[in-house]
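Close look at the chain arrangement
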Amino acid sequence: HKPKIVISDYDLGRRCGLDLLQKNREKNSTSKETLFFLITANASQTAVAQAAEEDVDAFLLKPFTVEGLKNSIHRAVNLKLHPSEYIKTIEVGKTVLVSGKIDEAIQAFNRAVNLSEKPSLAHFYLARANLNKKSLTSAQNHFFEGLRHNQLHYKCLVGLYDVLIAKHRHEEAYQVVKRIAKYFPANPERVSAIFRLAVLTQNFEDIENYYKIFTSIDDRSEDMIRHVSSALVVAGKYFLRKSDIETATRHFQYAVTTAPRRPTVLREIIMSLIERGLVDDARAFFKKTPQDSRYQTNSLAMEYVIRNQLDSTSQIIDSGRDLIAKGFHDPAIYNILIRRSIEAGLIPSAEDLIYKASQLWPQQSETFAELMEVPNDSQTETPTL
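The shown structure was predicted, so the numbers you read here are calculated from the model rather than taken from an experiment.

1. Looking at the pairing of strand E5 (residues 58–61)
Going residue by residue along E5, you find Ala 58 and Leu 60 tucked away on one face and Phe 59 and Leu 61 left uncovered on the opposite face. Where strand E4 (residues 35–40) lies against E5, four bridges are found, and the strand directions are parallel. By the bridge assignment, Thr 40 is partnered in E5 with Leu 61.

2. Brief notes about the state of the cysteines
Scanning the entire structure with this criterion turns up zero disulfides. Lacking any disulfide linkage, Cys 16 is separated from the closest cysteine sulfur, that of Cys 156, by 19 Å.

3. Digging into the packing of helix H13 (residues 245–258) against helix H14 (residues 263–275)
One can describe the packing of H13 onto H14 by two numbers: an axis separation of 9 Å at closest approach and a directional angle of 160°. Regarding the angle of H13 to H14, the classification is roughly antiparallel. Both H13 and H14 take part in a crossing whose hand is left-handed. Between H13 and H14, the residues in contact are Phe 252, Ala 255 and Val 256 and Val 265, Leu 266, Ile 269, Ser 272 and Leu 273, respectively. When the residues that make up the contact of H13 with H14 are grouped by side-chain class, the tally is seven nonpolar, one polar and no charged.

4. Description of the packing of helix H16 (residues 297–307) against helix H17 (residues 313–325)
Between H16 and H17, the least distance of the axes is 11 Å, while the angle of their chain directions is 170°. When the axis of H16 is compared with that of H17, the two are roughly antiparallel. Residues Leu 300, Tyr 304 and Arg 307 of H16 form the contact with H17, whose own contacting residues are Gln 315, Ile 316, Ser 319, Gly 320 and Leu 323. Here the residues of the contact of H16 with H17 are counted per class, giving four nonpolar, three polar and one charged.

5. A closer look at the environment of Ala 350
Looking at the secondary structure, you find Ala 350 in helix H19 (residues 347–360). Under the relative-accessibility criterion, Ala 350 is labelled buried at 0%. A C-alpha to C-alpha distance of 72 Å links Ala 350 and Asp 103, two positions 247 residues apart in sequence. If we skip the residues at most four places from it in the chain, Ala 350 touches Ile 338, Ser 341, Ile 342 and Met 372.

6. Re the side chain of Ser 8
Structurally, Ser 8 is set in strand E1 (residues 5–9). Exposure remark for Ser 8: the relative accessible area of 4% places this residue in the buried category. In this view, Ser 8 contacts Gly 17, Leu 20, Phe 36, Phe 37, Leu 38 and Ile 39; residues no more than four positions away in its chain are not counted.

7. Digging into the environment of Ile 213
You can see Ile 213 is positioned in helix H11 (residues 207–215). Distance in space between the C-alpha atoms of Ile 213 and Ile 106 is 38 Å, their sequence separation being 107 residues.

8. Comments concerning the sheet that holds E5
Here we have three strands laid out as an open sheet, ordered E1-E4-E5, and parallel in their pairing. Edge positions in the sheet fall to E1 and E5, since each has one partner strand and no second. Ignoring strand direction, the axes of neighbouring strands in this sheet form an average angle of 20°. Packing against the sheet, helix H3 (residues 66–81) makes contact with E1, E4 and E5, and its axis sits at approximately 145° to E4.

9. Quick notes on the nonpolar core
Counting residues in hydrophobic clusters, the biggest one holds 113 residues, and the most contacted among them are Leu 18, Phe 195, Ile 269 and Ile 338. Top contributing element to this core by residue count: helix H12 (residues 222–241), with ten residues. Apart from residues no more than four positions distant in its own chain, Ile 338 is found in contact with Ala 350, Leu 353, Ile 354, Phe 368 and Leu 371. Counting eight residues, the second-largest nonpolar core is a separate cluster that includes Ile 39, Ala 58, Leu 69 and Ile 73.

10. Examining H14
Across its 13 residues, H14 extends 18 Å between first and last C-alpha, which sits within 8% of the 18 Å expected from 1.5 Å per residue. Where H14 is concerned, the buried positions are Val 265, Leu 266, Arg 267, Ile 269, Ile 270, Ser 272, Leu 273 and Ile 274. Looking at the buried positions of H14, the neighbouring elements they touch are H12, H13, helix H15 (279–286), H16 and helix H18 (331–343). Within two residues after H14, Gly 277 carries a phi angle of roughly 75°, on the positive side.

11. Description of the packing of aromatic side chains
Evaluation of the coordinates by the stated rule reveals twelve aromatic pairs. Ring geometry for Tyr 211 against Tyr 254: centres 4.3 Å apart, planes inclined by 20°, an arrangement best described as stacked. One end of the pair, Tyr 211, is in helix H11; the other, Tyr 254, is in helix H13, and 43 residues separate them in sequence. Exposure class is identical for Tyr 211 and Tyr 254. Each is buried. Relative to Phe 285, the ring of Phe 252 lies with its centre 6.2 Å away and its plane at 90°, an arrangement referred to as edge-to-face. Of the two residues, Phe 252 is situated in helix H13 and Phe 285 in helix H15; the sequence distance between them amounts to 33 residues. Residues Phe 252 and Phe 285 agree in their burial class; the two are buried. The structure contains a cluster of three or more aromatic residues connected by ring pairs, namely Phe 109, Phe 124, Tyr 125 and Phe 143. The residue whose ring lies beneath Lys 288 is Phe 285, and the NZ or CZ to ring-centre distance is 5.8 Å. Sitting over the ring of Phe 286, Arg 294 keeps its end group 5.3 Å from the ring centre.

12. Digging into the pattern of salt bridges
Where charged atoms of side chains with opposite charge meet at close range, the side chains can pair. This model, assessed by the stated rule, comprises 18 salt bridges. With its nearest N and O atoms 3.2 Å apart, the salt bridge here joins Lys 94 to Glu 91. In this pair, Lys 94 and Glu 91 both sit in helix H4 (residues 85–98), three residues apart, roughly one turn of the helix. The class for Glu 91 is partly exposed, based on a relative accessible area of 35%.

Thresholds, definitions, all that
Residues numbered from 1 in each chain as written. Predicted model: local features only at pLDDT ≥ 70, side-chain atom pairs only at ≥ 80, totals over all residues. Heavy atoms only, no water. Buried < 20%, exposed > 50% of the residue type's maximum accessible area, 1.4 Å probe, protein only. Helix = DSSP H or I, 4+ residues; strand = E, 2+ residues; numbered from the N terminus. Pairing = 2+ DSSP bridges. Disulfide = S-S within 2.5 Å. Axes fitted to C-alpha atoms, helices over the stretch in contact; angles between N-to-C directions. Parallel < 35°, antiparallel > 145°, perpendicular 65-115°, else oblique. Left-handed = near helix turned anticlockwise from the far one by under 90°. Contact = heavy atoms within 4.5 Å. Nonpolar A, V, L, I, M, F, W, Y, C, P; charged D, E, K, R; others polar. Core = buried A, V, L, I, M, F, W, Y, C linked by side-chain atoms within 4.5 Å. Expected span 1.5 Å × (residues − 1). Phe/Tyr/Trp six-rings, centres within 6.5 Å; stacked < 30°, edge-to-face > 60°. Lys NZ or Arg CZ within 6 Å of the ring centre and 35° of its normal. Salt bridge = Lys/Arg side-chain N within 4 Å of Asp/Glu carboxyl O.

Shown next as structure tokens:
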């Protein structure tokens, strides 16, 4: 339960050895005393292990020997017992920083910078100290400097991302979190963030790759599912506008798979497909509606939207009136019924529907009112309808 030495492969199937490290840090209060070794299989994994400075005590590249492992453990123990001047100086700075002596901590971290050829960790803590002084720009500069020495330095990447978000520099923040997602284990908060930023910065072509990362996460919160499914729908609509129906449909399918019980997801998809005249595709997605919600207002409204593309005006008017009479009120139903009533010359009925719709959804009253474009000679209802 509280191991002194942890030796982990980098690749743990759908997870990563760094996940194991993070879990150990969370569960074990004495984890800082634990020696953590990461076994890597290639140069990319080794670069990540090096970038996890202060967390990974040592790494070994496969294939390794028993003698190599033994020597690595000895070196790590020795460094733990006899840290370098660089590490000792950083520890001094961390201690005084925790006590609130920010300027004294900055002095210590500046001394540490001169004690290493690659002082990424020292720059990370200089950035942290400047954040305590509310100096975002100075913190950002130190994060950048840390990354200049090690472009994958995990703590500097995460710190820089937070600063860029605070400064509303979304495009730059997206590029940083994109790099984090590529090299480091995914976590729900980061995955949600990258989907949000991909949409905000209109990098829709990247979203399918992030969906693959999302599927590897076991602990998916409702908030995360909402962000991911929404991003997938927005991306699908983007590809629809580009007339890339195949890619759009694939993103829509991902969205439904991600949130099968969210009616708003199916609604957005169906409405988007109908707007593009893709009735068969809309019908195919409607069939994915859970059986137990087929007779709820939202589902009946979507079925009505699809039928509007297939049935006659009189059939749509009759079925629309029937839905409303049975208590199924939805803006989409009223919108179609108003348009069809005007088309059939049933102006008083259309006006009555506009009034009722405006009462039900006051925020859309202007939208409903704009539907009324009545020719001068069409002021009475046709009795046969």
